[in-house]
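Structural description and commentary
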Amino acid sequence: MAWAPDPLPALSPPRPDAADRPRLPDVRGRLAEYASMPIHQVLRRLDSGPRGLEEDKAQELLARHGDNVITGSVAPHRGARLWHALTNPFVGILLVLGGVSAALGAFGAAAVIGAMVVISCWLQVRQEQRFDRVAATLRAMVVSTATVVRRASADASSAAREVPIDQLVPGDVVNLGPGDMVPADVRLLRSAGLAVDQAVLTGEALPVAKHATPDEAVPDIAVVRSAGDLGTIDCPWLCLMGSTVTTGTGTAVVVATGAATYFGAMHAHLAPRRAETAFDRGVRGVSRALIGLMLVCAPLVFIVNASVHGIRFAALWFAISVAVGLTPEMLPVMVSTALARGARAGARHNVIIKRLPAIHNLGAIDVLCTDKTGTLTQDQVSVDCHIDTDGRPDPEVLRWAALNSSMAAHGDAVLFNELDEALLTYAEQASIPVDDVTAVDVIPFDSTRRRGSVIIRAGGRPGTDILITKGAVEQVLDRCTRLRRDDGDVPLTTADRQRLSEVGDRHAADGVRLLAVAIADRPARLRPYRPEDEQGLTLVGFVGFRDRPRESAAAAVTSLAARGVTVKVLTGDHPLVAERICRDAGMDPGRIVLGDDIDALGDAALGDLADRTTVFARIDPEQKARIVRALRAAGRTVGFLGDGVNDSPALRDADVGITVDGAVAIARESSDVVLLRGDLLSVAEAITEGRRTFANIKKYLEITISSNFGNVLSMLAASVLLPFLPMLPLQILVQNLCFDLCLLPLAFDHVDERELRRPRTFDSARLTRFVLWLGPVNTLADLVAFGILLHITGDHPAPAAQALFHTGWFVENLLTQAAAVHLLRSRRLPSLRDHAALPVLLGTAAIAAIAMALPWSPLAGAVGMTVLPTACLLSLILVLILYCVLIGAAKTLWHRVDGR
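Residues numbered from 1 in each chain as written. Predicted model: local features only at pLDDT ≥ 70, side-chain atom pairs only at ≥ 80, totals over all residues. Heavy atoms only, no water.

Digging into the overall build of the chain
Counting its regular elements, the chain contains 30 helices and 24 strands. Within the chain, the fraction of its 900 residues that count as buried is 57%. On the chain, roughly 36100 Å² of surface is accessible, and the fraction owed to carbon and sulfur atoms is 57%. (Helix = DSSP H or I, 4+ residues; strand = E, 2+ residues; numbered from the N terminus. Buried < 20%, exposed > 50% of the residue type's maximum accessible area, 1.4 Å probe, protein only. Areas by Shrake-Rupley, 256 points an atom, 1.4 Å probe, with all protein chains shown as cover.)

Some details on the packing of helix α25 (residues 680-721) against helix α26 (residues 729-743)
At a minimum axis distance of 11 Å, the contact between α25 and α26 shows a crossing angle of 165°. When the axis of α25 is compared with that of α26, the two are roughly antiparallel. Once α25 is placed against α26, the crossing between them reads as right-handed. Contacts between α25 and α26 involve Tyr700, Ile703, Thr704, Ser707, Asn711 and Met715 on the former and, on the latter, Ile732, Gln735, Phe739, Asp740 and Leu743. (Axes fitted to C-alpha atoms, helices over the stretch in contact; angles between N-to-C directions. Parallel < 35°, antiparallel > 145°, perpendicular 65-115°, else oblique. Left-handed = near helix turned anticlockwise from the far one by under 90°. Contact = heavy atoms within 4.5 Å.)

Some thoughts on the sheet that holds strand β23 (residues 656-660)
Spatially, eight strands are ordered β9-β24-β23-β22-β10-β19-β21-β20 in an open sheet, and the strand pairing comes out mixed. Across the chains shown, the open sheet's two edge strands, defined by having one partner strand only, are β9 (351-353) and β20 (593-594). Summarising the sheet, β9 and strand β24 (residues 673-675) pair through three bridges and their orientation is antiparallel. Looking at the pairing, isoleucine 353 lines up with valine 673 of β24. (Pairing = 2+ DSSP bridges.)

Quick notes on the environment of serine 36
Following the sequence through the fold, serine 36 ends up in helix α1 (residues 24-36). Taking the C-alpha atoms as reference points, serine 36 and cysteine 235, 199 residues apart in sequence, are found 9.9 Å from one another. Polar side-chain contacts of serine 36 include one of 2.7 Å to the backbone oxygen of glutamate 33. (Polar contact = N/O pair within 3.5 Å; in protein donor to acceptor, adjacent residues only side chain to side chain.)

Observations concerning the nonpolar core
Counting 149 residues, the largest nonpolar core has Leu362, Leu376, Ile627, Ile658, Leu680 and Leu701 as the members making the most contacts within it. Looking at this core element by element, the count peaks at 16 residues for α25. Ignoring anything within four residues of it in the chain, the contact list for isoleucine 658 reads Leu362, Leu368, Phe640, Leu641, Gly642, Leu651, Ser671, Val673, Leu675 and Val683. In terms of nonpolar packing, the next biggest core, distinct from the first, is built from 28 residues, Ile456, Ile468, Val540 and Phe545 among them. (Core = buried A, V, L, I, M, F, W, Y, C linked by side-chain atoms within 4.5 Å.)

Focus: empty space enclosed by the protein
If a probe as big as a water molecule is rolled over the atoms, it shows which places are left empty. For the structure shown, the criterion picks out five cavities of 30 Å³ or more. The space that makes up the largest cavity amounts to roughly 160 Å³. Around the largest cavity, the lining comprises 16 residues; the ones closest to its centre are Lys698, Glu702, Glu755, Leu824 and His895. A total of four residues in the lining of the largest cavity trace back to one element, the largest contributor, which is α25. For the lining of the largest cavity, the residue count by class is four nonpolar, two polar and 10 charged. (1 Å grid on protein atoms, 1.4 Å probe; cavity = no way out; pocket = protein on both sides within 12 Å on 5 of 7 lines; lining within 4 Å. Points joined across faces, edges and corners; volume = space filled by probe spheres on them. Nonpolar A, V, L, I, M, F, W, Y, C, P; charged D, E, K, R; others polar.)

Here we look at the environment of valine 490
Tracing the chain through its elements places valine 490 in strand β16 (residues 488-491). On the accessibility criterion, valine 490 (25% relative accessible area) is partly exposed. The spacing of valine 490 and threonine 538 is 48 residues in sequence and 8.8 Å in space, taken between C-alpha atoms. With residues up to four places along the chain from it excluded, the contact list for valine 490 reads Arg482, Leu483 and Arg485.

Quick notes on the side chain of histidine 386
Summarising the element assignment, histidine 386 is placed in strand β11 (residues 382-387). Since its relative accessible area comes to 14%, histidine 386 is described here as buried. In contact with histidine 386, not counting residues within four places along its chain, are Arg392, Pro393, Asp394, Pro395, Leu398, Tyr426, Phe542 and Val543.

Examining the environment of methionine 241
Structurally, the position occupied by methionine 241 is in the loop between β7 (238-239) and β8 (244-256). Note: C-alpha distance between methionine 241 and threonine 257 (16 residues apart in sequence) is 8.3 Å. Not counting the four nearest positions on each side in its chain, methionine 241 is found in contact with Asn68, Ile70, Val182, Pro183, Ala184, Asp185, Leu201, Gly258, Thr261 and Phe263.

Some words on the pairing of strand β15 (residues 480-485)
With three bridges joining them, β15 and strand β18 (residues 537-546) adopt parallel strand pairing. Paired with arginine 482 across the bridge in β18 is threonine 538. Bridge analysis of β15 against β16 gives four bridges, and the strand direction is antiparallel. Counterpart to arginine 484 in the pairing with β16 is aspartate 489. In sequence, β15 turns back onto β16 through a hairpin of two residues.

Quick look at the pattern of salt bridges
What the rule picks out here adds up to 36 salt bridges. In this structure, the salt-bridge partner of arginine 636 is aspartate 366, at a minimum N-O distance of 3.4 Å. You can see arginine 636 sitting in the loop between α22 (621-633) and β22 (638-641) and its partner aspartate 366 sitting in the loop between α13 (358-364) and β10 (367-370), a full 270 residues away along the chain. On the accessibility criterion, aspartate 366 (15% relative accessible area) is buried. The partner of arginine 392 in a salt bridge is aspartate 388, with the nearest N and O atoms 3.3 Å apart. Where salt bridges share partners, they join Asp384, Asp510, Arg546, Arg580 and Asp584 into one cluster. (Salt bridge = Lys/Arg side-chain N within 4 Å of Asp/Glu carboxyl O.)

Focus: the packing of aromatic side chains
Pairs of aromatic rings are described using the distance from one ring centre to the other and the angle between the two planes. This model, assessed by the stated rule, comprises four aromatic pairs. Their ring planes at 80° and their centres at 5.6 Å tell us that phenylalanine 770 and tryptophan 894 sit as a pair that is edge-to-face. With phenylalanine 770 in helix α27 (residues 764-793) and tryptophan 894 in helix α30 (residues 870-898), this residue pair connects regions lying 124 residues apart in the sequence. Classification of phenylalanine 770 by relative accessible area gives buried; the value is 3%. These aromatic residues form a ring-pair network of at least three members: Phe770, Trp773 and Trp894. Stacked on the ring of tryptophan 400, the Lys or Arg arginine 399 has its end atom at 5.7 Å from the ring centre. (Phe/Tyr/Trp six-rings, centres within 6.5 Å; stacked < 30°, edge-to-face > 60°. Lys NZ or Arg CZ within 6 Å of the ring centre and 35° of its normal.)

Here we look at helix α28 (residues 799-824)
Because each turn of an α-helix spans 3.6 residues, side chains separated by three or four positions end up pointing in the same direction. Between its terminal C-alpha atoms α28 stretches 36 Å, which fits the 38 Å expected from 26 residues at 1.5 Å a residue. Burial analysis of α28 places 23 of its 26 residues in the buried class, the great majority of the element. (Expected span 1.5 Å × (residues − 1).)

A short note on α26
The end-to-end C-alpha separation of α26 is 21 Å, in line with the 21 Å expected for 15 residues at 1.5 Å each. Counting buried positions over the 15 residues of α26 gives 14, a clear majority of the element.

A look at the packing of helix α14 (residues 395-406) against helix α15 (residues 418-429)
Axis separation between α14 and α15 bottoms out at 9 Å; the angle between their running directions is 130°. Here α15 runs oblique to α14, going by the angle between their axes. As α14 packs across α15, the resulting crossing turns out to be left-handed. Contact residues: Leu398, Ala401, Ala402, Ser405 and Ser406 in α14; Asp420, Leu423, Leu424, Tyr426 and Ala427 in α15. Here the contact of α14 with α15 is composed, by residue class, of seven nonpolar, two polar and one charged.

With respect to a nonpolar patch on the surface
Residues Leu874, Ile877, Leu878, Ile881 and Val885 make up a contiguous nonpolar surface patch of about 480 Å² in total accessible area. In this structure, isoleucine 881 sits in helix α30. (Patch = residues over 30% accessible without salt bridge, like charges linked within 9 Å, V, L, I, M, F, W, Y side chains within 5 Å.)

Focus: the side chain of glutamate 55
With respect to the element layout, glutamate 55 can be found in helix α3 (residues 55-65). A polar side-chain atom of glutamate 55 sits 2.6 Å from a polar atom in the side chain of arginine 161. Excluding its chain neighbours within four sequence positions, the residues that come into contact with glutamate 55 are Arg150, Arg151, Ala152 and Arg161.

Let's talk about unusual backbone geometry
A positive phi angle is found at aspartate 47, which is not glycine, with a value near 55°. Mapped onto the secondary structure, aspartate 47 falls in the loop between α2 (39-45) and β1 (53-54). With a phi angle near 55°, arginine 618 is a residue other than glycine that sits in the positive phi range. Positionally, arginine 618 belongs in the loop between β21 (615-617) and α22.

Honestly, it's all geometry; don't read function into it.
See the structure below:
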């Protein structure tokens, strides 16, 4: 199996021994026990209360229980890294070849191969440590938090504040809201319309309703325990770490953290691997192709030499050296170096890469799906209007809407969004009173109903509840039967519905998002309110919001288009609002497709429609994810940019999930990339860095494989034409080691602007064509060098003359390989304006210096070399000039034929 990068480790303490890991049955039993207790007993056992823990006590518990992290995914220690490096298939091949060399008595060759293994493993371990430090630094910039209720002291009042999730302890009281990850195993104290997604635990895609249980409604513990998982995962008053709040709110007490949670115990025993990415598959495919080339060429070299010269032992040793020369043992080091450099470069552009292989996938994106809020717009919502049913400004409508937003803070849970915040700020500035009422219940907003309600009780109206609904115009109108006018409430007619819908359309066409506000009286009751109670409403008016376009949106869209990336808008908003925002951002929305239009389409038809459509409006979360999947199935590489709980399915299904720093927890968890500056320009910069990183990896592959392939062809030709080996096996090994080290600085090289203009990914077929086109040029230069060296040494040279031949080809080969780095790294020929980066210049200068100095050094005799005569050296320099001319012409012709 070819090498691929490991998933990033989590930041956590050392992994416990197997004996210390929590057992799943024990965790289930403990959770079942907490589920069976009345709430007051749970709080007593945890030495906590509804007001939360004291800060000093929380710190004491943290020292006792440890950080709230899953310890099964820690960074491996140095020994584990070394083992991982040794089990790399390329290193494994070298170990086998080194063992065979030692068994044949070729101890010098075995020593060189051993040195190559040591250098490769040392560099890989060192680079992986740097890789992890970079990843840890980047993750630290995107900290996940939970809303925790704590007290400064026993006498102080409690206050809710954000605390890093890893600092939670048993007994902490936490608030849960839409989009929150459940940060630990918790027992619910209070809830309102709460539903959670438990797919990570059960695989079930549909949300599960959760609710707190009154003290008197305590289940039989024997029944809970006998139900197995039903006593833990599906218990209505338990929420487990790893699940996600989809709707509603809750207040809960933490009963288990870290490895003691159900998810922690499950992770310790199952340790699921990260799914293979497009990057992993690309590296795997190229690695297999390289191993296949080695397995074909090395035996062929042995057969030719053994058949022509009849020296089987020397031919075997020579073939082993050729196999070593064809083994790119530095490929993992090169890839890790390039990815880490790309991650650091992305951070300079306010782009945090959570999973480093996503850098390649960023560069391959050709479709970017995004909501308009915060990317095409400023994400600074302001109230534009508040009008009655006749379109006139009405402060009473503003009051009802502000009450809906204000009372969304029910109990200790907060359901605010940016619209509520803008509405309350505007109401406060307008001196609209919203505090003379009592919150009774909440029917939370969800993306299917597209409306939310609060139930209040006014001081002067005992026995009566008032239900206030605010939401999308169509969804609220469907629940209304009456209409408030100046002269009282009147029945809502069909003509009124048509007229009011047109009011919404007119505002939407101007870029204003209109929400309808309706009310209804209900007899006071104790049982909770449900969405079914949102009926028989009286429409009182509308509130409008405006989110102005970003000044950078048009430039970002243009920049992405210039890079071959098509932007598509996927939004749940009104189609006319989406159209106006797109036009302001310089996009042609074309025909807007609504969510209802895609439900009847099959996946293939949706893929074709999605490829031709720029804007989808009025779509729900599953429709977003389905569009993303359809585009991927149609062969597109899809990035999805979103920040809400409703975006998490699409973030997971995209090739690259992208979110912003202020996104809800589940969006951050589902994403591969986090933007600290939430606009499309950041995405364009991230895509550019992804392409720059991949371009340098591609350079390494093209240069090393074409050079090695050319050398194999030269050796095959020499085996037929020469009465002796063209180079000693030990010399081949030394040459290969020098060349591999010379190529590593390519990770830091400059990249042609042309390479950044279109999506890039691994293309084995194109790489093969490149190697077949450029590799023979190396062979042609070698054949010219063979002719010159034979002219100097004679057709049947003595051993001393053979040493001169070996030295001459060694020097010529290293010089041409050093030249190949500069000639093939760019589409253009090297110049003062278009030259390699300093690390590459230093690396190739070093290899050229080694080539020229080794024959005159004290090591020359050990590797079978001799001093080159001046005439021979000048002749080889002429060969180098010829090679540069030939490779430059072949490269120019290749790019014309290739057309990329």
